[in-house]
Amino acid sequence: MSAVESGARAPLQITERLLCGWGRTARSRCRVARPRSVEDVLEVLARSAGSPAGVIARGAGRSYGDAAQRNGGEVLDMTGMNGIISIDPGRAVVSVEAGATIGQVMGALAPHGLTLPVLPGTRHVTLAGAIASDIHGKNHHRDGAIARHVLSISLCTPAAGLLEVSPESDPDLFYATLGGMGLTGVMVRATLRAERLACPWVAADIDRTDSLQHTLELMSGEDGHRYSVAWLDLLAEGSKMGRAVVSRADPLPSDGSSLHGRGRRASSYPGALSRRATFDVPHRFPTALLRRSSMSTFNALRWRSTPRQERGRRLAMVPYFFPLDGLGEWNRLYGASGLIQYQFVVPAGQEHALERCFALISDRRLPVYLAVFKRFGPAFGGPLSFPLEGWTLAVDLPAAAEGVRAALDELDEILIACGGRVYLSKDVRLRAELMSVMYPRLEDFQTQRARVDPAGLLRSDLALRLGLCGARA
Ligand SMILES: Cc1cc2nc3c(=O)[nH]c(=O)nc-3n(C[C@H](O)[C@H](O)[C@H](O)COP(=O)(O)OP(=O)(O)OC[C@H]3O[C@@H](n4cnc5c(N)ncnc54)[C@H](O)[C@@H]3O)c2cc1C
């Protein structure tokens, strides 16, 4: 009789794998289990209790650094637990297993005229990965990060087993988990608020700006648009530095007339969510294209080819929110040494620090092609949540480029001086001593972590590097 016929759980397979984040920089050899049930997760936690290396949950592995791996330890690959548990269209509430991706959840919500209120730049991340990073979208200035929209989570913890945690039942543990990088437990389910989706299109106002000053003017104090993002040309010299293509958008109303006869394409929206990338970057991509001179030409071309001003441009939601998903495995563009994504936030009122950061990027001749700039609204939620009211910039840098790490250390110093911080989900190189300065509520986080994991079983390479998980008991 098979395990299925007898009703018994199939034994968990463990495979040894070399894991890394999306940046493909730090690699670790891990023992990977792919649980299918809460019992499987609890079994791995119980079995690993004596393991000196520890255990950490992993979603889709799209954090850039070393947050979802543990060298020599156990990794729980949560992508096997990806069911949609329930959707309540009346209340606009969805409950899912934690390994479901943003794309899968959006696909399930779409037929009910619903969508998720916060979307990152790719739909290929898991919901638990998104919650553990407290992700933000292009609407943070209006709607906050995902923590604002999560109603409850089911969390497997080493010390207390399965806990149902909500802002009402245990606010301290709840908010420590939202943004807590998997260090307070393994999320197995989450319930969150969805929002009405009138139609899967946005209307975008697009402006080409000539300077950083002009870019900030357009993006600040402007709460009229729901979504706002800018692509910055950080390779332009002199006063042109910080010139940008700024896109501010709003969802289109359901009114069919606003689609100008594009209804057929709009109705294929759920299909678009599961569509594969149109092109996969090959393994051996010529990295010469990543030289500063080539990037500078690309940037100038991109900036010039954008009209100075366009109003009400209709854009389909999927390419608008997930532009990079059209190019499969785009991280290979950076070659075998990979890429570092450095994302930081500078508090509102400290714009001079932004200028210093940009000047340093220019002076150190960093080859920055992709520089994505957003405005954040007020901070909300947990001690390790990244967003602060102000400005955030994310830059992709070839890890092998000369002087990159030293220049990022200098950028850290500018951030410390102005009360800014870097985003842990993108990090692979921050020094441990800066952690409590950038995240001054770190002690609160440690208190919550110690409640549910006093022996320090939950640990990732990132947690160890930054001193987030203490010594193993
Ligand atoms: C192209 C691209 C665009 C992006 N755009 C944005 C953006 O716009 N905004 C933004 O905020 N982020 C963005 N990100 C970052 C991304 O959203 C986060 O890194 C997210 O955490 C990745 O989810 P994942 O499922 O891949 O998690 P992983 O990378 O696998 O894990 C990330 C963290 O979540 C924890 N975790 C995963 N699953 C669980 C679980 N079940 N229980 C507990 N902890 C768990 C892990 O331990 C780890 O600490 C982007 C990333 C990429 C590659």
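The present account deals with the structure reproduced in this document.

Here the focus is the site of the ligand. If you check the shell around the ligand, you find 34 residues, and the closest are Ala57, Gly59, Arg62, Ser63 and Thr126. Taking His136, its main chain carries an N or O atom lying 2.8 Å from a nitrogen atom of the ligand. In the environment of the ligand, an oxygen atom lies 3.3 Å from a nitrogen or oxygen atom belonging to the side chain of Ser425. Bound to the protein, the ligand loses 97% of the 980 Å² it would expose on its own. Broken down by secondary-structure element, the contributors of at least two residues to the shell around the ligand are strand S3 (55-58), helix H4 (127-132) and strand S10 (186-193). Among the residues forming the shell around the ligand, the class breakdown is 18 nonpolar, 12 polar and 4 charged. Here the shell around the ligand spans two domains, and each of domain 1 (82-197) and domain 2 (201-260 + 285-435) adds at least three residues to it.

One pass over the full model with this rule turns up 25 salt bridges. The salt bridge partner of Arg465 is Asp66, with a shortest N-O separation of 2.9 Å. Remark: Asp66 occurs in the loop between S3 and strand S4 (74-77) and Arg465 occurs in helix H16 (residues 461-465); sequence separation between them is 399 residues. On the basis of relative accessibility, which here comes to 5%, the residue Asp66 falls in the buried class. One salt bridge connects Arg308 with Asp210, and the closest N-O pair in it is separated by 3.3 Å. Taken together, the residues Arg308 in the loop between helix H10 (292-304) and strand S16 (309-316) and Asp210 in the loop between strand S12 (201-209) and helix H7 (212-219) connect sequence positions 98 residues apart.

Moving on, we get to the packing of helix H12 (residues 351-363) against helix H13 (residues 404-418). Viewed as axis vectors pointing N to C, H12 and H13 meet at an angle of 170 degrees, and their least axial separation amounts to 10 Å. Here H12 is positioned roughly antiparallel relative to H13, judged by the angle of their axes. Residue-level inspection shows Ala353, Arg356, Cys357, Leu360 and Ile361 of H12 in contact with H13, the latter providing Ala407, Glu410, Leu411, Ile414, Leu415 and Cys418. In terms of residue class, the contact of H12 with H13 is made up of 9 nonpolar, no polar and 2 charged.

Attention shifts here to the sheet that holds strand S18 (residues 339-347). One key point about sheets: their strands pair by backbone hydrogen bonds, in either a parallel or an antiparallel sense. The strand order across the open sheet built from 8 strands is S16-S12-S14-S13-S19-S20-S18-S21, with neighbouring strands paired in antiparallel fashion. Strands with a single pairing partner mark the edges of an open sheet, and in this sheet they are S16 and strand S21 (421-422). Relative to strand S14 (residues 243-251), strand S13 (residues 227-233) runs antiparallel, the two sharing 7 bridges. Opposite Ala230, over in S14, you have Val246 as the bridge partner. Its contacts with the sheet put H7 on S12, S13, S14, strand S19 (371-376) and strand S20 (390-398), and the angle it makes with S14 is roughly 10 degrees. Contacts between H10 and the sheet are confined to S12, S13, S14 and S20, with S13 contributing the most and set at about 135 degrees to the helix.

So, how was this worked out
- Residues numbered from 1 in each chain as written.
- Predicted model: local features only at pLDDT ≥ 70, side-chain atom pairs only at ≥ 80, totals over all residues.
- Heavy atoms only, no water.
- Near = heavy atom within 4 Å.
- Polar contact = N/O pair within 3.5 Å; in protein donor to acceptor, adjacent residues only side chain to side chain.
- Areas by Shrake-Rupley, 256 points an atom, 1.4 Å probe, with all protein chains shown as cover.
- Helix = DSSP H or I, 4+ residues; strand = E, 2+ residues; numbered from the N terminus.
- Nonpolar A, V, L, I, M, F, W, Y, C, P; charged D, E, K, R; others polar.
- Domains from an automatic or database assignment.
- Salt bridge = Lys/Arg side-chain N within 4 Å of Asp/Glu carboxyl O.
- Buried < 20%, exposed > 50% of the residue type's maximum accessible area, 1.4 Å probe, protein only.
- Axes fitted to C-alpha atoms, helices over the stretch in contact; angles between N-to-C directions.
- Parallel < 35°, antiparallel > 145°, perpendicular 65-115°, else oblique.
- Contact = heavy atoms within 4.5 Å.
- Pairing = 2+ DSSP bridges.

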